[in-house]
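# A look at the structure
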Amino acid sequence: MMNSPGTPMSDYGWESRFTEMKPAMSGAEAMEESNRCLYCYDAPCIKACPTDINIPSFIRKISTGHLKGSARTIMDANPVGASCARVCPTEELCEGACVLNDSSKPIRIGDLQRYATDWARTKNEPLFHPAPSNGRTVAIVGAGPAGLSAARELGRAGYEVTIYEAKAKGGGLNTYGIVSFRLPESVALWEVQQVEALGVQIRYGVRIGVDLSADEIMEQYDSVILACGMGAVPMLGIEGETLEGVYDAIELVESTKQGVPPALHGLNVAVIGAGNTAVDAATCSVRLGAERVQMLYRRGEGQMTAYAFEYTFAKQEGVEFRWFTMPRRIVGDENGRVRAIECVKMRLETPPGGGRAWPVPVEGSEFTIECDTVVRAIGQNRLLPLIEAFGLKHQGGVVEVEPHTYRTSRPQVYAAGDVIFGQGQGEAMVVSAAQQGKMVAAAVMKAWPGKVEETA
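Residues numbered from 1 in each chain as written. Predicted model: local features only at pLDDT ≥ 70, side-chain atom pairs only at ≥ 80, totals over all residues. Heavy atoms only, no water.

## Focus on the overall build of the protein
On a plain count of helices and strands, the protein comes out with 17 helices and 16 strands. Rg of the C-alpha trace for the protein: 23 Å, near the compact-globule value of 23 Å for 456 residues, within the 12% margin. Burial analysis of the protein (456 residues in total) assigns 54% to the buried set. Long-range pairs, those at least 24 residues apart, make up 71% of the contacts in the protein between residues at least 6 apart in sequence. With an accessible surface of roughly 19,500 Å², the protein has 49% of that area assigned to carbon and sulfur atoms. When the 44 basic and 54 acidic side-chain charges of the protein are each reduced to a single mean position, those positions are 4 Å apart. (Helix = DSSP H or I, 4+ residues; strand = E, 2+ residues; numbered from the N terminus. Rg over C-alpha atoms; globule rule 2.2 N^0.38 Å. Buried < 20%, exposed > 50% of the residue type's maximum accessible area, 1.4 Å probe, protein only. Contact = heavy atoms within 4.5 Å. Areas by Shrake-Rupley, 256 points an atom, 1.4 Å probe, with all protein chains shown as cover. Lys, Arg positive; Asp, Glu negative; His and termini not counted. Charge placed at Lys NZ, Arg CZ, Asp CG, Glu CD.)

## With respect to the pairing of strand β13 (residues 373-376)
The alternating pattern of β13 places Thr373 and Val375 and Val374 and Arg376 on opposite faces, both of which are buried. Inspection of the sheet shows strand β5 (residues 246-248) paired to β13 by 3 bridges, in the parallel sense. Bridge pairing in β13 links tyrosine 247 to valine 375. (Pairing = 2+ DSSP bridges.)

## Details of the UniProt feature "domain: Dihydroprymidine dehydrogenase" (unreviewed entry) in the protein
Mapped onto this structure's residue numbering, the UniProt feature "domain: Dihydroprymidine dehydrogenase" (unreviewed entry) falls at residues 17-124. Strand forms 0% of residues 17-124 and helix 55%; the C-alpha atoms that close the span are 27 Å apart. (UniProt positions renumbered as here; feature names shortened; annotations may be inferred.)

## Brief notes about the sheet that holds strand β7 (residues 292-296)
Strand order in the open sheet formed by 5 strands is β5-β13-β6-β7-β8, with parallel pairing between adjacent strands. The open sheet has two edge strands, β5 and β8 (320-322), and neither has a second partner. Between one strand and the next, the sheet's axes are offset by a mean angle of 25°, whatever the strand orientation. In the packing of helix α12 (residues 249-257) onto the sheet, contacts are made with β5 and β13, and the angle to β5 comes to roughly 80°. (Axes fitted to C-alpha atoms, helices over the stretch in contact; angles between N-to-C directions.)

## Quick notes on the sheet that holds strand β1 (residues 137-141)
With parallel pairing, 5 strands are arranged side by side in an open sheet as β3-β2-β1-β4-β16. If you trace the sheet from one side to the other, it starts and ends with β3 (201-204) and β16 (413-415), each paired once. Sheet twist, expressed as the average angle between the axes of neighbouring strands with direction ignored, equals 20°. As defined by bridge partners, strand β2 (residues 160-165) adjoins β3 across 4 bridges and the pair is classed as parallel.

## Side note on the packing of aromatic side chains
Within the structure shown, the criterion is met by 9 aromatic pairs. Seen in terms of ring centroids, tryptophan 14 and phenylalanine 18 are 5.3 Å apart; in terms of plane orientation they differ by 80°. Their pairing is edge-to-face. You'll find tryptophan 14 and phenylalanine 18 in the same group, each marked buried. Feature note: the residues Trp14, Phe18, Phe181 and Phe313 constitute an aromatic cluster, connected by ring pairs. The side chain of arginine 152 reaches across the aromatic face of phenylalanine 128, ending 4.8 Å from its centre. The lysine or arginine in question, arginine 298, covers the ring of tryptophan 358, its NZ or CZ lying 5.0 Å from the ring centre. (Phe/Tyr/Trp six-rings, centres within 6.5 Å; stacked < 30°, edge-to-face > 60°. Lys NZ or Arg CZ within 6 Å of the ring centre and 35° of its normal.)

## A look at the packing of helix α8 (residues 145-156) against helix α16 (residues 430-447)
Running from amino to carboxyl end, α8 crosses α16 at an angle of 40°, the nearest separation of the two axes being 7 Å. By the angle between their axes, α8 is oblique relative to α16. Taken as a pair, α8 and α16 cross one another with a handedness that is right-handed. Of the residues in α16, those in contact with Pro145, Ala146, Ser149, Ala150, Glu153 and Leu154 of α8 are Val430, Ala433, Ala434, Gly437, Lys438, Val440, Ala441, Val444 and Met445. Across the contact of α8 with α16, the residue classes tally to 11 nonpolar, 2 polar and 2 charged. (Parallel < 35°, antiparallel > 145°, perpendicular 65-115°, else oblique. Left-handed = near helix turned anticlockwise from the far one by under 90°. Nonpolar A, V, L, I, M, F, W, Y, C, P; charged D, E, K, R; others polar.)

As structure tokens, then:
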């Protein structure tokens with residue numbers, strides 16, 4: 001990624017603005033909050049958690065000082081529970097279901113989950129141990145939340161698991177794609193270490209289909225789990241996208257986590273999109289010293305896909321929102337740098353046959369926004385070459401799987417996570433990917449029971 005002209009990042013200490021934003025609970029706060037819990041027998045918070053964490057149980061353990069037990073309860077249900085404590089939309093899930101919403105305020109479940117898992121990280125003790133080998137081998141493509149969850153479950157059951165990860169570190173989006181002031185890299189990497197402690201091997205820097213063929217993996221392992229996530233942000237398909245100062249939102253966030261961000265200090269930034277990644281890119285830009293950050297979205301506030309708490313946070317950070325705004329062309333200066341972006345106003349129009357309203361241009365509404373930097377944040381490309389290397393059936397890059405078993409069109413291959421999200425198939429949350437990883441591992445164990453068990 002090329003740096004934008006502007007004040008060098010080293011000149012104003014940008015790193016300090018990327019330390020974890022929300023302070024951790026103190027011991028006294030955790031004790032007081034855990035004692036507010038009613039420990040409901042038929043707890044609605046458990047039902048609202050995609051990974052079925054026994055929330056009353058882990059909170060009760062905090063109240064009695066049994067922090068290792070609390071962390072084990074959390075991580076047993078959710079192998080990326082430390083990350084989810086920070087990035088889950090808890091106000092929509094567990095906290096939103098808390099019975100105390102009707103009388104006072106909900107238990108701070110996410111903060112208590114963070115408190116317990118932070119204790120475990122500080123102690124750096126393995127929470128789980130592997131079972132003796134059962135003679136079965138499994139390959140997992142991708143070390144993100146879904147892949148790690150599947151590997152953790154299989155490792156605990158005695159399967160010999162090898163993860164193939166294209167990047168230099170595990171954790172996937174948690175490590176590379178979520179801003180550090182919400183999710184520090186160290187948290188995601190601790191979860192990776194917990195999986196490796198079970199004997200799971202992670203081969204970093206290996207690209208399936210490039211460094212190792214899909215056929216080779218199929219021959220070497222009893223079963224394969226595809227948990228590769230998605231790729232780069234797609235191009236906008238408008239003139240001027242190759243100008244200097246146009247960035248991919250995922251790469252922008254990743255650059256801050258790797259310590260090499262572009263110099264945005266004093267610049268005007270336009271972010272195209274209104275999802276969670278777009279918010280991360282916008283708030284990153286603010287913290288990198290941008291003078292003004294605007295988010296452009298072709299639909300309205302009611303149609304944005306970012307979580308409510310993300311939207312609130314962005315506004316608090318000073319991000320501006322331009323609704324019903326569609327980029328038409330990125331304009332450059334004589335040096336080939338972004339100078340402005342030409343846009344048109346949009347309106348929603350319901351198709352004649354009904355269905356979701358679609359944004360259409362308003363005639364004669366063209367206008368220009370001056371900016372120095374444009375960030376694309378309109379979703380991510382599907383990894384079609386990898387999917388097709390395995391010969392899997394898919395719909396536009398969304399891999400088809402059997403309900404409940406997560407088995408693909410090739411019986412030896414299973415899939416979970418972002419590679420099967422989309423087109424109405426679930427919601428792409430970290431916690432949902434973690435649950436799918438657990439479910440796909442259970443399906444593999446059922447279809448491929450241990451050889452040792454077979455001969456016992």
